[in-house]
Amino acid sequence: MRGARSTTKCLFAAGMVLAFISAHPAHAAETTSSNPLPVRSAAAKNPPLKIGLVAFAKSRGFSVCASELEALDQNLFRDSDYSLRAFLAESNVNARPFSALIDSRKANPQGGYARALTNIVITPGGEKGSRCTVMYEQTLYHDQHCDTVRLQMAAFAPESGPTSFGSITFDLLRNMTLTIIPVGSAHCVTVVKEVAY
(Lines give C-alpha, C1' and ligand atoms only; values in the text may rest on other atoms or scores of the structure.)
Protein backbone atom coordinates (compact mmCIF):
# COMPACT_ATOMS: atom_id res chain seq x y z
CA MET A 1 0.00 0.00 0.00
CA ARG A 2 1.76 3.13 -1.26
CA GLY A 3 0.11 5.41 1.31
CA ALA A 4 1.18 3.12 4.14
CA ARG A 5 4.84 3.19 3.00
CA SER A 6 4.95 6.98 2.89
CA THR A 7 3.12 7.06 6.20
CA THR A 8 5.79 4.84 7.72
CA LYS A 9 8.55 7.27 6.71
CA CYS A 10 6.70 10.27 8.10
CA LEU A 11 5.71 8.58 11.33
CA PHE A 12 9.27 7.67 12.26
CA ALA A 13 10.23 11.33 11.75
CA ALA A 14 7.11 12.66 13.40
CA GLY A 15 7.09 10.38 16.43
CA MET A 16 3.66 9.40 17.66
CA VAL A 17 0.28 10.13 16.01
CA LEU A 18 -3.65 10.29 16.38
CA ALA A 19 -6.85 8.79 14.61
CA PHE A 20 -10.50 9.58 13.90
CA ILE A 21 -12.99 7.03 15.32
CA SER A 22 -16.16 6.05 13.46
CA ALA A 23 -19.55 5.75 15.14
CA HIS A 24 -20.42 2.04 14.79
CA PRO A 25 -19.40 0.57 18.16
CA ALA A 26 -21.50 -2.37 19.25
CA HIS A 27 -19.48 -4.16 21.92
CA ALA A 28 -16.14 -3.40 23.48
CA ALA A 29 -13.13 -5.26 24.81
CA GLU A 30 -10.04 -4.12 26.69
CA THR A 31 -6.44 -5.26 27.00
CA THR A 32 -3.05 -3.95 27.98
CA SER A 33 0.38 -4.58 26.48
CA SER A 34 2.51 -3.49 29.40
CA ASN A 35 4.85 -6.05 30.89
CA PRO A 36 4.35 -7.05 34.55
CA LEU A 37 6.88 -6.05 37.19
CA PRO A 38 10.00 -8.26 37.29
CA VAL A 39 9.66 -11.47 39.28
CA ARG A 40 12.61 -13.28 40.85
CA SER A 41 12.15 -16.57 39.01
CA ALA A 42 13.29 -18.42 35.92
CA ALA A 43 10.17 -17.23 34.10
CA ALA A 44 11.22 -13.60 34.64
CA LYS A 45 14.21 -14.11 32.35
CA ASN A 46 11.81 -14.61 29.44
CA PRO A 47 9.02 -12.04 29.90
CA PRO A 48 5.79 -12.63 27.96
CA LEU A 49 5.57 -11.12 24.50
CA LYS A 50 3.59 -7.92 24.11
CA ILE A 51 0.10 -8.54 22.79
CA GLY A 52 -0.04 -6.70 19.47
CA LEU A 53 -3.03 -5.17 17.70
CA VAL A 54 -3.27 -8.05 15.22
CA ALA A 55 -3.35 -10.73 17.94
CA PHE A 56 -5.87 -8.76 19.97
CA ALA A 57 -8.17 -8.17 16.98
CA LYS A 58 -8.02 -11.85 16.00
CA SER A 59 -8.83 -12.89 19.56
CA ARG A 60 -12.05 -10.87 19.20
CA GLY A 61 -12.95 -12.40 15.83
CA PHE A 62 -11.64 -9.63 13.52
CA SER A 63 -9.35 -11.62 11.24
CA VAL A 64 -9.07 -9.26 8.24
CA CYS A 65 -6.81 -6.22 7.65
CA ALA A 66 -3.90 -7.85 9.54
CA SER A 67 -1.19 -6.07 7.51
CA GLU A 68 -2.77 -2.66 8.15
CA LEU A 69 -3.07 -3.36 11.89
CA GLU A 70 0.54 -4.53 12.01
CA ALA A 71 1.70 -1.35 10.22
CA LEU A 72 -0.16 0.81 12.75
CA ASP A 73 1.30 -1.17 15.64
CA GLN A 74 4.86 -0.79 14.34
CA ASN A 75 4.58 2.83 13.22
CA LEU A 76 2.64 4.28 16.13
CA PHE A 77 3.43 2.06 19.12
CA ARG A 78 6.91 0.61 18.62
CA ASP A 79 8.76 0.42 21.96
CA SER A 80 5.62 1.67 23.73
CA ASP A 81 3.46 0.19 26.44
CA TYR A 82 -0.22 0.64 25.77
CA SER A 83 -3.71 -0.30 26.81
CA LEU A 84 -6.66 -0.25 24.47
CA ARG A 85 -10.41 -0.38 24.33
CA ALA A 86 -11.71 -1.81 21.07
CA PHE A 87 -15.13 -1.59 19.47
CA LEU A 88 -16.44 -4.23 17.05
CA ALA A 89 -19.72 -5.11 15.38
CA GLU A 90 -21.90 -7.66 17.16
CA SER A 91 -22.45 -9.60 13.93
CA ASN A 92 -20.48 -9.87 10.68
CA VAL A 93 -17.37 -8.71 12.55
CA ASN A 94 -15.09 -9.00 9.50
CA ALA A 95 -17.42 -6.87 7.37
CA ARG A 96 -17.62 -3.90 9.76
CA PRO A 97 -14.98 -1.46 11.06
CA PHE A 98 -12.63 -2.30 13.92
CA SER A 99 -11.96 0.78 16.03
CA ALA A 100 -9.90 1.29 19.15
CA LEU A 101 -8.95 3.97 21.63
CA ILE A 102 -5.33 3.46 22.70
CA ASP A 103 -3.48 5.04 25.62
CA SER A 104 0.28 4.60 25.11
CA ARG A 105 3.51 5.70 26.72
CA LYS A 106 7.09 5.52 25.52
CA ALA A 107 10.29 6.15 27.46
CA ASN A 108 12.21 9.28 26.44
CA PRO A 109 16.00 9.10 25.96
CA GLN A 110 16.24 12.13 28.27
CA GLY A 111 14.22 10.36 30.95
CA GLY A 112 10.52 10.33 31.68
CA TYR A 113 7.79 9.26 29.28
CA ALA A 114 5.98 10.58 26.22
CA ARG A 115 2.28 9.81 26.46
CA ALA A 116 -0.19 9.69 23.57
CA LEU A 117 -3.89 9.09 23.04
CA THR A 118 -4.70 7.46 19.71
CA ASN A 119 -7.94 6.64 17.89
CA ILE A 120 -7.75 4.13 15.05
CA VAL A 121 -10.38 2.84 12.64
CA ILE A 122 -9.76 -0.01 10.21
CA THR A 123 -12.52 -0.61 7.66
CA PRO A 124 -12.42 -3.82 5.59
CA GLY A 125 -12.51 -3.46 1.81
CA GLY A 126 -15.85 -4.12 0.14
CA GLU A 127 -14.53 -6.86 -2.16
CA LYS A 128 -12.36 -9.85 -1.35
CA GLY A 129 -8.70 -8.92 -1.68
CA SER A 130 -9.38 -5.18 -1.70
CA ARG A 131 -7.41 -2.90 0.60
CA CYS A 132 -8.65 -1.86 4.00
CA THR A 133 -9.15 1.81 4.81
CA VAL A 134 -7.06 3.10 7.71
CA MET A 135 -7.84 6.24 9.68
CA TYR A 136 -5.99 7.36 12.77
CA GLU A 137 -5.58 10.42 14.92
CA GLN A 138 -2.91 10.67 17.61
CA THR A 139 -2.51 13.42 20.20
CA LEU A 140 0.84 13.81 21.95
CA TYR A 141 1.94 16.22 24.67
CA HIS A 142 5.46 17.66 24.29
CA ASP A 143 7.44 19.17 27.15
CA GLN A 144 9.00 21.53 24.58
CA HIS A 145 8.26 24.84 22.87
CA CYS A 146 6.17 24.49 19.69
CA ASP A 147 8.96 25.96 17.52
CA THR A 148 11.21 23.06 18.53
CA VAL A 149 8.43 20.54 17.90
CA ARG A 150 7.77 22.02 14.46
CA LEU A 151 11.45 21.66 13.50
CA GLN A 152 11.35 18.00 14.60
CA MET A 153 8.06 17.02 12.99
CA ALA A 154 7.30 19.41 10.12
CA ALA A 155 10.44 21.36 9.25
CA PHE A 156 9.65 21.62 5.53
CA ALA A 157 5.87 21.00 5.50
CA PRO A 158 3.65 23.77 4.12
CA GLU A 159 0.94 25.34 6.27
CA SER A 160 -2.60 24.23 5.53
CA GLY A 161 -5.08 27.07 5.90
CA PRO A 162 -5.21 29.89 8.46
CA THR A 163 -4.24 29.54 12.10
CA SER A 164 -6.99 29.04 14.65
CA PHE A 165 -6.60 30.13 18.29
CA GLY A 166 -2.82 29.89 17.97
CA SER A 167 -2.77 26.40 16.39
CA ILE A 168 -1.16 25.79 13.01
CA THR A 169 -1.90 22.84 10.70
CA PHE A 170 0.67 21.49 8.24
CA ASP A 171 0.31 19.11 5.28
CA LEU A 172 2.84 16.36 5.96
CA LEU A 173 1.67 14.10 3.11
CA ARG A 174 -1.26 14.02 0.70
CA ASN A 175 -3.56 12.40 3.30
CA MET A 176 -1.72 13.38 6.50
CA THR A 177 -1.87 16.58 8.54
CA LEU A 178 -0.12 17.78 11.69
CA THR A 179 -1.68 20.36 13.97
CA ILE A 180 0.57 22.10 16.50
CA ILE A 181 -1.13 23.69 19.51
CA PRO A 182 0.82 25.87 21.97
CA VAL A 183 0.13 25.17 25.65
CA GLY A 184 1.44 27.85 27.97
CA SER A 185 4.83 29.39 27.19
CA ALA A 186 6.99 26.28 26.80
CA HIS A 187 4.78 23.27 26.06
CA CYS A 188 3.06 21.95 22.98
CA VAL A 189 0.38 19.49 21.89
CA THR A 190 0.43 17.88 18.45
CA VAL A 191 -2.36 16.10 16.60
CA VAL A 192 -1.51 13.99 13.57
CA LYS A 193 -4.31 12.66 11.31
CA GLU A 194 -4.16 10.37 8.32
CA VAL A 195 -6.55 8.50 6.06
CA ALA A 196 -5.05 5.78 3.85
CA TYR A 197 -7.08 3.85 1.28
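Throughout this document, residue positions are counted from 1 along each chain, in the order its sequence is written. Totals for whole chains, interfaces and linings use every residue, but because this is a predicted model, local features are given only for residues with pLDDT of at least 70 and side-chain atom pairs only at 80 or more, for both listing and counting. Side-chain calculation: all heavy atoms of the structure are included, whereas hydrogens and water are not.

Draft legend 1. Spatial organisation of the packing of aromatic side chains. For this analysis, a ring pair means two rings from Phe, Tyr or Trp (six-membered ring only for Trp) whose centres lie within 6.5 Å, classed as stacked if their planes differ by under 30 degrees, edge-to-face if by over 60, and tilted for the remaining angles. A full pass over the atoms with the stated rule returns 2 aromatic pairs. Taking 5.1 Å as the distance between ring centres and 50° as the angle between the ring planes, the aromatic pair formed by F77 and Y82 counts as tilted. According to the relative accessible area criterion, F77 is buried, its value standing at 0%. Residue classification places Y82 among the buried positions, given a relative accessible area of 3%. Comment: the charge-over-ring label is applied if NZ (Lys) or CZ (Arg) is within 6 Å of the ring centre and within 35 degrees of the ring normal. Its end group placed over the ring of Y113, R105 keeps NZ or CZ at 4.1 Å from the ring centre. Exposure is judged per residue with a 1.4 Å probe applied to protein chains only, and the accessible area is read against the type maximum: over 50% gives exposed, under 20% gives buried, and values in between give partly exposed.

Draft legend 2. Up close: unusual backbone geometry. One non-glycine residue, C65, adopts positive backbone phi at about 60°. When you line up the elements, C65 lands in the loop between α2 (53-59) and α3 (66-77). Positioned with a positive phi, D79 is a non-glycine residue whose angle comes to about 60°. Every helix listed is a DSSP run of H or I at least four residues long, and every strand listed is a run of E at least two residues long, numbered separately from the N terminus. Note on placement: D79 falls in the loop between α3 and β2 (80-88).

Draft legend 3. Geometry of helix α4 (residues 146-153). Here α4 has its buried residues at C146, V149 and M153. The arc that holds the buried residues of α4, viewed along the axis, is 55°, so those residues lie on one side. In α4, those exposed residues whose orientation departs by more than 90 degrees from the buried face are D147 and L151. Directions from the helix axis toward the C-beta atoms define the arc.

Draft legend 4. Region of interest: the confidence of the model for the protein. Think of pLDDT as the predictor's per-residue confidence, scored from 0 to 100. In this model, the protein carries a mean pLDDT of 78, and residues with pLDDT of at least 70 account for 74%. Mean pLDDT across the elements of the protein bottoms out in helix α1 (residues 2-14) (40) and peaks in strand β5 (residues 133-142) (95). We call two residues in contact whenever any of their non-hydrogen atoms come within 4.5 Å of each other. When the criterion is pLDDT under 50, residues 1-28 qualifies, and its contacts beyond four places in sequence or with other chains add up to 89 contacts. Contacts from residues 34-49, a stretch scored under 50 in pLDDT, to residues over four places away or in other chains number 6 contacts.

Draft legend 5. Representation of the state of the cysteines. In what follows, a disulfide is any cysteine sulfur pair within 2.5 Å. Applying the stated rule across the entire model yields 2 disulfides. Sulfur-sulfur distance for the disulfide between C65 and C132 comes to 2.0 Å. The chirality of the disulfide connecting C65 with C132 is left-handed, given an S-S dihedral of about -90°. Of this pair, C65 sits in the loop between α2 and α3 while C132 sits in the loop between β4 (113-123) and β5, placing them 67 residues apart in sequence. With relative accessibility at 7%, the residue C65 sits in the buried group. Judged by its relative accessible area of 6%, C132 is buried. One disulfide bridge connects C146 with C188, the sulfur atoms lying 2.1 Å from each other. The chirality of the disulfide connecting C146 with C188 is right-handed, given an S-S dihedral of about 105°. Here the residue C146 occupies a position in helix α4, and C188 occupies one in strand β8 (residues 187-196), the gap between them amounting to 42 residues. Neither residue differs from the other here; C146 and C188 are each classed as buried. If the cysteines joined by disulfides in the protein are listed in sequence order, their pairing comes out as 1-2, 3-4.

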